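Fold and geometry: a report
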Amino acid sequence: MHKVIIWYGELTSVRSLLRRGLLFLSPGMAWLMVFLVIPGLALVAVSFTTRGAYGELVWTFSLENYSRLAGFGMFGWTSDYLLIIGRSILVASVTCAVAVLLSYPLCFFIAARPLRTRYLWLTMLVIPFWTNMVIRSYAWFLILAPELPLAKFAAMLGIVAPGSPLYPSAFAVYLGMVSLYLPFVALPLFASVEKLDWTLVEAAQDLYASRTMIFFHAILPQTLPGLSVGVILTFVPAMGMFVVPDLLGGAKYMLVGNLVQQQFSSSRDWSFGAAISMGLMALTMCSLYFYRKKSNGGQVL
Amino acid sequence: MKKTGTITTCLALCTIAFLYLPLMAVAFFSVNNAKYGLVWKGFTLDWYIKLLHNEVILDAAVNTIELAVISTLVSTILGTILAIGLDRFPWSKRSATGLDMVLHLPVVIPDIILAAALVVAFGLLRLVSSWFEPGMLNMVIGHITFQIAFVALVVRSRLNAVGVDLEEAARDLYASTPYLIRHVTLPLIMPGVVAGAMLAFTLSLDDFVISFFTAGTDSATLPIFIYAAVRRTVTPEIHALSTLVLLATVVLVVATERISRRSQQA
């Protein structure tokens, strides 16, 4: 530690250098400690407390919240909460899959534009990326309204009653989720598609590879870095989403995010809310870990 | 460059339409001269004029900008210092990994978890001081917490790109640490700092979840106002407000792109 070193052309010791470094780190790290790490730990602690009669926290250690989350409620076992968790995983997965399927043609299309207009097309993707999600979610109210062709068509087919909108429904939730997260997949994917080495694709074509073979052997491996980032940017926030299901799904199609939000507002049950957050956190970590392992620890975060 | 087939082009254009159709609908019905329903009754700008006389909306707009400006200023300063500290000192591999993990935490966790953690933390802090009642201060703190990480990551990549050669040269010429930071490092990483600040500002304007969980009754931002309004009923006034927010986003995106492209050339 007392070793003398040359650092940026200055004669110093490791210890005094690190002391100086700590000076730079401390304001930012202190902030993150006080308002991120400690609140996180507090959330863990609160998940083991119970709710008092007036919504206050009772600081006795209990696993009640977790068993409640697993379905063991006051009136015997119910599948309600597990159903919501399962549904969240399903919605996040389907959203991811559809967004990926739509992103590939879109990225190829933009990459094939001449350089002059390519950035214009790319901006078309960046704008929805940054547009507020509340606006982008409620905007579907209009498209799905009973006066417009989509709902009229569905009424004609007998799917909904004439004169009623297509929301709240599972369909509306998927529609909202996919359109919300599509840019999150497409933008990172585009970075990879733009750099694609087309000679490999041509080589595959010369060797009579089928279209599927070309995709899986020549295109997918090359675009995997961008795809991984896109999938994570979509899957993780999609699991905790509550705006889209709240506006477009109503009480019929609740997700984990809505459950957490409910505990912190109307139900005022912080300890149960904290336990659900822990469950969501565990799911997030699992999916990150699983994904990292599957993509061989590639360039994912 | 590869040509795209008809099917690919079709799919791509449909996807773009899918992204923009809802937004177009909002803009379209914001100039529709009908208070209820979605039938075209002629062009009007009345809803926009009404916005300007709505105190609640003006307050929300002021709150949004105030929140974004204050949190961006603080997070840019803290994030930049943090990035210099992380990148320019010989941390051992273990402590570097630990620091990295803390830094990436706000980026990878779902924002609802950060929001929940903040609600609990502020709830406990309220036992000590009444400063932490839900309101502007809590919102500013929440925003800074996730902005710091993004600023630090952007600035650090700029620090990496710039390299240490010039700083070493300055050291060789007997520059003191404050002089070095002020006259060598900061000018070099300025484009990164500006890009980080723009990112932080946009993130703050765009945020709904953190604000929603930490806001008080008199500190609603525009997204919170819109959310509360559309849960009751959708009015053309809300369409007009949303269209304005949309236009502001477009301006901000184009400006950011211009700045970042210029900083890449420089």
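Procedures and definitions
Residues numbered from 1 in each chain as written. Chains lettered and ligands numbered in written order. Predicted model: local features only at pLDDT ≥ 70, side-chain atom pairs only at ≥ 80, totals over all residues. Heavy atoms only, no water. Helix = DSSP H or I, 4+ residues; strand = E, 2+ residues; numbered from the N terminus. Rg over C-alpha atoms; globule rule 2.2 N^0.38 Å. Buried < 20%, exposed > 50% of the residue type's maximum accessible area, 1.4 Å probe, protein only. Contact = heavy atoms within 4.5 Å. Areas by Shrake-Rupley, 256 points an atom, 1.4 Å probe, with all protein chains shown as cover. Lys, Arg positive; Asp, Glu negative; His and termini not counted. Charge placed at Lys NZ, Arg CZ, Asp CG, Glu CD. UniProt positions renumbered as here; feature names shortened; annotations may be inferred. Buried area = accessible area lost by both parts, 1.4 Å probe. Salt bridge = Lys/Arg side-chain N within 4 Å of Asp/Glu carboxyl O. Polar contact = N/O pair within 3.5 Å; in protein donor to acceptor, adjacent residues only side chain to side chain. Nonpolar A, V, L, I, M, F, W, Y, C, P; charged D, E, K, R; others polar. Core = buried A, V, L, I, M, F, W, Y, C linked by side-chain atoms within 4.5 Å. Phe/Tyr/Trp six-rings, centres within 6.5 Å; stacked < 30°, edge-to-face > 60°. Lys NZ or Arg CZ within 6 Å of the ring centre and 35° of its normal. Arc of directions from axis to C-beta. Axes fitted to C-alpha atoms, helices over the stretch in contact; angles between N-to-C directions. Parallel < 35°, antiparallel > 145°, perpendicular 65-115°, else oblique. Patch = residues over 30% accessible without salt bridge, like charges linked within 9 Å, V, L, I, M, F, W, Y side chains within 5 Å. Disulfide = S-S within 2.5 Å.

**Looking at the overall build of chain A**
Across its full length, chain A holds twelve helices and six strands. For 301 residues, the compact-globule estimate of 2.2 N^0.38 gives 19 Å, and chain A exceeds it by more than 25% at 25 Å. The dimensions of chain A, computed from C-alpha atoms along their principal axes, are 80 × 70 × 35 Å. Looking at chain A residue by residue over its 301 residues, the buried ones come to 53%. When contacts within chain A are restricted to residue pairs at least 6 apart in sequence, those whose partners lie at least 24 apart make up 61%. Working note: accessible area of chain A is about 14,400 Å², and carbon and sulfur atoms make up 70% of it. Charged side chains of chain A number 19 positive and 11 negative; the gap between the two group centres comes to 5 Å.

**Observations concerning the overall build of chain B**
Counting its secondary structure elements, chain B contains eleven helices and zero strands. For chain B, the N- to C-terminal ordering of α and β elements is α-α-α-α-α-α-α-α-α-α-α. Over its C-alpha atoms, taken along the principal directions, chain B stretches across nearly 75 × 65 × 30 Å. Out of the 266 residues in chain B, the part that is buried amounts to 50%. Here chain B has roughly 12,900 Å² of accessible surface; of this, 67% comes from carbon and sulfur atoms. Seen as two clouds, the 18 positive and the 17 negative side-chain charges of chain B have centres 8 Å apart.

**As for the UniProt feature "transmembrane region" (unreviewed entry) in chain A**
All names here are of chain A. Following the UniProt record, the feature "transmembrane region" (unreviewed entry) maps to residues 21–48, 81–107, 171–193, 214–244 and 270–291 here. Across residues 21–48, helical content stands at 93% and strand content at 0%; the span's end C-alpha atoms are separated by 38 Å. Taken end to end, residues 81–107 is 100% helix and 0% strand, and its first and last C-alpha atoms sit 38 Å apart.

**Observations concerning the interface of chain A and chain B**
By convention, interface size is frequently given as the accessible area that disappears when the constituent parts associate. The interface of chain A with chain B comprises 85 residues on the first partner and 89 residues on the second. Of the roughly 8,200 Å² buried where chain A meets chain B, counting both sides, 82% is carbon and sulfur surface. Between Arg231 of chain B and Asp246 of chain A there is a salt bridge whose closest N-O contact spans 3.4 Å. For the pair chain A and chain B, the number of links is eight residue pairs in polar contact (both at pLDDT 80 or more). Taken together, the residues that form the side of chain A that touches chain B break down as 64 nonpolar, 14 polar and seven charged.

**Some remarks on the UniProt feature "transmembrane region" (unreviewed entry) in chain B**
All names here are of chain B. As recorded in UniProt, the sites labelled "transmembrane region" (unreviewed entry) are residues 6–31, 67–86, 106–128, 179–201, 208–230 and 236–255. Note that residues 106–128 is 78% helix and 0% strand, and that its end C-alpha atoms are spaced 26 Å apart. Across residues 208–230 one finds 65% helix and 0% strand; the C-alpha atoms that close the span lie 14 Å apart.

**A closer look at the side chain of Thr49 of chain A**
Residue and element names in this part refer to chain A. Within the secondary structure layout, Thr49 lies in the loop between α1 (14–46) and β3 (50–51). Within the structure, the side chain of Thr49 is placed 2.7 Å from the backbone oxygen of Val46, a separation counted as a polar contact. Ignoring sequence-local partners within four residues, the contact set of Thr49 consists of Leu57, Val58, Trp59, Thr60, Ser62, Asn65 and Ser271.

**Structural notes on the nonpolar core**
Within the largest apolar cluster, 172 residues are counted, with the highest numbers of intra-cluster contacts made by Leu43, Tyr138, Val243 and Phe264 of chain A together with Leu82 and Phe208 of chain B. Broken down by element, the residue count for this core peaks at 16 residues, all from helix α7 (residues 170–194) of chain A. Contacts of Leu82 of chain B, omitting those with residues within four sequence positions, involve Phe24, Leu25, Gly28, Met29 and Leu32 of chain A together with Leu103, Ile148 and Ala152 of chain B.

**With respect to the environment of Ser103 of chain A**
Residue and element names in this part refer to chain A. Relative to the assigned elements, Ser103 resides in helix α3 (residues 80–111). In this structure Ser103 comes out as buried when scored by relative accessible area, which is 0%. Considered as a pair, Ser103 and Pro162 are 59 residues apart in the sequence and their alpha carbons are 34 Å apart. If sequence neighbours within four positions are ignored, Ser103 has contacts with Leu182, Val185, Ala186 and Leu189.

**Let's talk about helix α5 (residues 133–143) of chain A**
Residues three or four positions apart in an α-helix share a direction because the helix packs 3.6 residues into each turn. Residues and elements named next belong to chain A. Counting buried residues in α5 gives eleven out of eleven residues, a clear majority hidden from the surface. When α5 is considered as a whole, its buried residues turn out to be Met133, Val134, Ile135, Arg136, Ser137, Tyr138, Ala139, Trp140, Phe141, Leu142 and Ile143. With a side-chain oxygen positioned 2.9 Å from the backbone nitrogen of Val134, the residue opening α5 is Asn132.

**Quick look at the packing of aromatic side chains**
Here the structure, examined in full by the defined rule, presents 29 aromatic pairs over all chains. Put simply, the rings of Phe242, Phe264 and Trp270 of chain A together with Phe208, Phe212, Phe213 and Tyr227 of chain B touch in pairs and so form one group of aromatic residues. Between Arg68 of chain A and the ring centre of Phe272 of chain A, over which it is positioned, the NZ or CZ distance is 3.9 Å. Taking the ring centre of Tyr253 of chain A as reference, the NZ or CZ of Arg87 of chain A above it sits at 4.8 Å.

**Some thoughts on helix α6 (residues 149–156) of chain A**
Residue and element names in this part refer to chain A. Taken together, the buried positions of α6 are occupied by Ala151, Ala154 and Ala155. Buried residues of α6, viewed axially, fall in a sector of 100 degrees; they line one side. In this structure, α6 carries Pro149, Lys152 and Met156 as exposed residues pointing more than 90 degrees from its buried face. Just downstream of α6, Gly158 is the residue with a positive phi angle, here 85 degrees.

**Digging into the packing of helix α8 (residues 198–206) of chain A against helix α9 (residues 211–239) of chain A**
Residue and element names in this part refer to chain A. It is the contact of α8 with α9, at a shortest axis distance of 10 Å, that shows an interaxial angle of 170 degrees. When the axis of α8 is compared with that of α9, the two are roughly antiparallel. Taking contact as the criterion, the partners of Leu200, Val201, Ala204 and Gln205 in α8 are, on α9, Ile214, Ala218, Ile219 and Gln222. Class assignment of the residues belonging to the contact of α8 with α9 gives a composition of six nonpolar, two polar and no charged.

**With respect to unusual backbone geometry**
That bond from Tyr167 of chain A to Pro168 of chain A is cis: its omega, -5 degrees, falls within 30 degrees of zero. The phi dihedral of Tyr174 of chain B is positive, around 65 degrees, even though this residue is not glycine. Mapping Tyr174 of chain B onto the fold places it in the loop between α7 (165–172) and α8 (177–206). What makes Tyr174 of chain B exposed here is its relative accessible area of 76%.

**Topic: a nonpolar patch on the surface**
On the surface, Phe28, Trp40, Phe43, Leu45 and Ile49 of chain B cluster together into a nonpolar patch covering about 530 Å² of accessible area. Turning to its location among the elements, Ile49 of chain B is positioned in helix α2 (residues 46–52).

**Some points on the state of the cysteines**
Applying the stated criterion across every chain, the model contains zero disulfides over all chains. Take Cys286 of chain A: it sits in no disulfide, and the sulfur closest to it among the cysteines is that of Cys96 of chain A, at 16 Å. Cys10 of chain B takes part in no disulfide bond, and the closest cysteine sulfur to it belongs to Cys14 of chain B, at a distance of 5.8 Å. The class for Cys10 of chain B is partly exposed, based on a relative accessible area of 47%.

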